[in-house]
Amino acid sequence: MAMPYVIALWHQKGGVSKTTTALALAACLVEKAHPTLLLDLDPQGNLTTGLGLNPAEARHSPADLLLGNDTVSRVVCATPWPGLDIIPSNPDMVTVSRWLHVREGYEPVLRHALSRPDVAGYDFVFLDCPPMLGPITIAALTAAQLVIVPTQCEYFSVQTLGSSLKLVQLVRGRTNPGLAYRVLVTLFDLRGALHSRVLAQLQQHFAPAMFQTIIGVDSKLRESQLVGTPITLHAPHSRGTQQYRQLAEELCAYVQRPVLQTA
Ligand SMILES: Nc1ncnc2c1ncn2[C@@H]1O[C@H](COP(=O)(O)OP(=O)(O)O)[C@@H](O)[C@H]1O
Ligand SMILES: [Mg+2]
């Protein structure tokens, strides 16, 4: 039984394109005939609204998995797009973000839910983390094989990149020694001299652990979330779609490497 490859999107800072990357990359993988499941782990529910659903109306959320109360097949929602499923956020995620840490042994509970046979039909699972160094993120990093850390080439994003990666190290040491990470440059402005300078610095420090694909600014990505439609359908020929397709290719090549190294 082939189990899905589980990927967390994590950066401590908000607004760096975690949710956008989860949505766009999932859409491109579905286009390549890879069934994909999205989990909205952010109490703000942006991923959920980005697919046209209302978090206030969702009966189930990843909270049910984080608490060990339910299984994926019982809480998952199909979307209008075949091959793309979601477990949306709902108000229970606010409660869980406050109280999960007091439950003894909470860290691997999500991983157990994602290791059951009812998840085997997916090729990929994406865990869209909140911008918080909290128990939900720890549970997500414990469940993931790879964490993608999107970052802008801005001073503040690079600064928080360090503490975001410290959490990755911590989780490796405690609950998930095999966790790999890849830094993804997002919201890149080709014309900006500052962005190019910061990119060169990032490459110097992280080159082996960086995706070669760089995601630029494309208003179609924002627009597709407003109308709740995957970017591959909303604007199939846009630059943003093409860049995320390239990233999907790069990701598939990475996942198929015979020996996955942790970088
Ligand atoms: N490549 C991009 N081009 C244009 N807008 C983007 C891009 N990536 C993200 N955005 C927009 O920037 C905002 C923050 O992105 P989001 O994915 O929600 O970040 P995060 O999940 O890290 O908080 C959203 O309004 C989103 O639509
Ligand atoms: Mg987000």
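Counting restarts for each chain: residues are numbered from 1 in the order of the written sequence. Lettering of chains starts at A and numbering of ligands starts at 1, both following the order in which they are written. For this predicted model, a pLDDT threshold of at least 70 governs which residues receive local features, and a threshold of 80 or more governs which side-chain atom pairs are given and counted, while totals over whole chains, interfaces and linings are taken from all residues. As a rule here, side-chain values cover all heavy atoms of the structure and leave hydrogens and water aside.

A.B. asks: Could you clarify how one ought to interpret the site of ligand 1 in this entry?
C.D. replies: Around ligand 1 lies a shell of 15 residues, among which Gly15, Ser17, Thr19, Thr20 and Gly216 are the nearest. Only the protein chains shown count as cover for residues, with accessible areas throughout obtained via the Shrake-Rupley method and a probe of 1.4 Å. Considered on its own, ligand 1 offers 560 Å² of accessible surface; in the complex 85% of this is hidden by protein. With respect to the detected pockets, ligand 1 is housed in the largest pocket. Where the shell around ligand 1 is concerned, the elements lending two or more residues are helix H1 (18-31) and helix H10 (219-227). We call a residue near a molecule or strand whenever a single non-hydrogen atom of that residue lies within 4 Å of it. Using only the protein atoms, space was sampled on a 1 Å grid; points where a 1.4 Å probe fits but cannot get out form cavities, open sets with protein on both sides within 12 Å along at least five of seven lines form pockets, and lining residues are those with an atom within 4 Å of a point. If over half the atoms of a molecule are within 2 Å of the grid points of a cavity or pocket, the molecule is regarded as sitting in it. Only runs of H or I of at least four residues qualify as helices and only runs of E of at least two qualify as strands under DSSP, and these elements are numbered from the N terminus.

A.B. asks: Can you walk me through the packing of H1 against helix H12 (residues 239-255) in this structure?
C.D. replies: In helix packing, the relevant descriptors are the interaxial angle and the interaxial distance, both defined with respect to the helix axes. Note on geometry: axes are C-alpha line fits, over the in-contact stretch for helices, and angles between N-to-C directions span 0 to 180 degrees. Look at H1 against H12: their axes get within 9 Å of each other, and the N-to-C directions meet at 70°. With respect to H12, the axis of H1 lies roughly perpendicular. Here Thr20, Thr21, Ala24, Leu25, Cys28, Leu29 and Glu31 of H1 lie close against H12, whose contacting residues are Thr241, Tyr244, Arg245, Leu247, Ala248, Leu251 and Cys252. For classification purposes, an angle smaller than 35 degrees is called roughly parallel, one larger than 145 roughly antiparallel, one from 65 to 115 roughly perpendicular, and anything else oblique. Only heavy atoms matter for contacts: two residues are in contact if any of them lie within 4.5 Å across the pair.

A.B. asks: What is the right way to read the state of the cysteines from this model?
C.D. replies: Cysteine pairs can be covalently joined through their sulfur atoms, and such a bond is termed a disulfide. The term disulfide is used for any two cysteine sulfur atoms that are within 2.5 Å. A full pass over the atoms with the stated rule returns zero disulfides. With no disulfide partner, Cys77 has as its closest neighbouring cysteine sulfur the one in Cys129, 19 Å distant. A disulfide-free cysteine, Cys252 has its sulfur positioned 10 Å from the sulfur of Cys28, the nearest such atom.

A.B. asks: Help me out: how do you make sense of empty space enclosed by the protein in this one?
C.D. replies: If a probe the size of a water molecule is rolled over the atoms, the empty space left behind becomes visible. Grid points are joined across faces, edges and corners, and a volume is the space filled by probe spheres set on the points. Applying the stated criterion to the full structure yields one cavity of 30 Å³ or more. Roughly 70 Å³ of internal volume is contained in the largest cavity. In terms of lining residues, the largest cavity is bounded by Thr20, Leu23, Ala24, Gly50, Leu51, Leu221, Ser224, Gln225, Thr229, Pro230 and Ile231. Residue assignment for the lining of the largest cavity shows that the elements contributing at least two residues are H1 and H10.

A.B. asks: When you look at the pattern of salt bridges in this model, what are you seeing that I'm missing?
C.D. replies: Any two side chains of opposite charge can pair if their charged atoms end up close together. Salt bridge, as used here, is a side-chain nitrogen of Lys or Arg placed within 4 Å of a carboxyl oxygen of Asp or Glu. Applying the stated rule across the entire model yields five salt bridges. Arg74 serves as the salt-bridge partner of Asp70, at 2.6 Å between the closest nitrogen and oxygen. Put simply, Lys220 and Glu223 hold a salt bridge, and the shortest N to O gap is 3.5 Å. Of the two residues, Lys220 and Glu223 are both situated in helix H10; the distance of three residues between them amounts to about one turn of the helix.

A.B. asks: What exactly am I supposed to notice about the side chain of Gln152 here?
C.D. replies: As for its placement among the helices and strands, Gln152 is situated in the loop between strand E6 (146-151) and helix H8 (155-174). Whether a residue is buried, partly exposed or exposed follows from its accessible area with a 1.4 Å probe, protein chains only, as a fraction of its type maximum: under 20%, in between, or over 50%, in that order. Judged by its relative accessible area of 14%, Gln152 falls in the buried class. Contact partners of Gln152, with chain neighbours within four places excluded, come to Lys13, Gly15, Val16, Ser157, Val158, Thr186 and Leu187.

A.B. asks: What should I look at first to understand the environment of Gly15 in this one?
C.D. replies: In this fold, Gly15 is placed in the loop between strand E1 (5-9) and H1. Taking the C-alpha atoms as reference points, Gly15 and Tyr254, 239 residues apart in sequence, are found 26 Å from one another. When neighbours within four sequence positions are excluded, Gly15 is seen to be in contact with Gln152 and Leu187.

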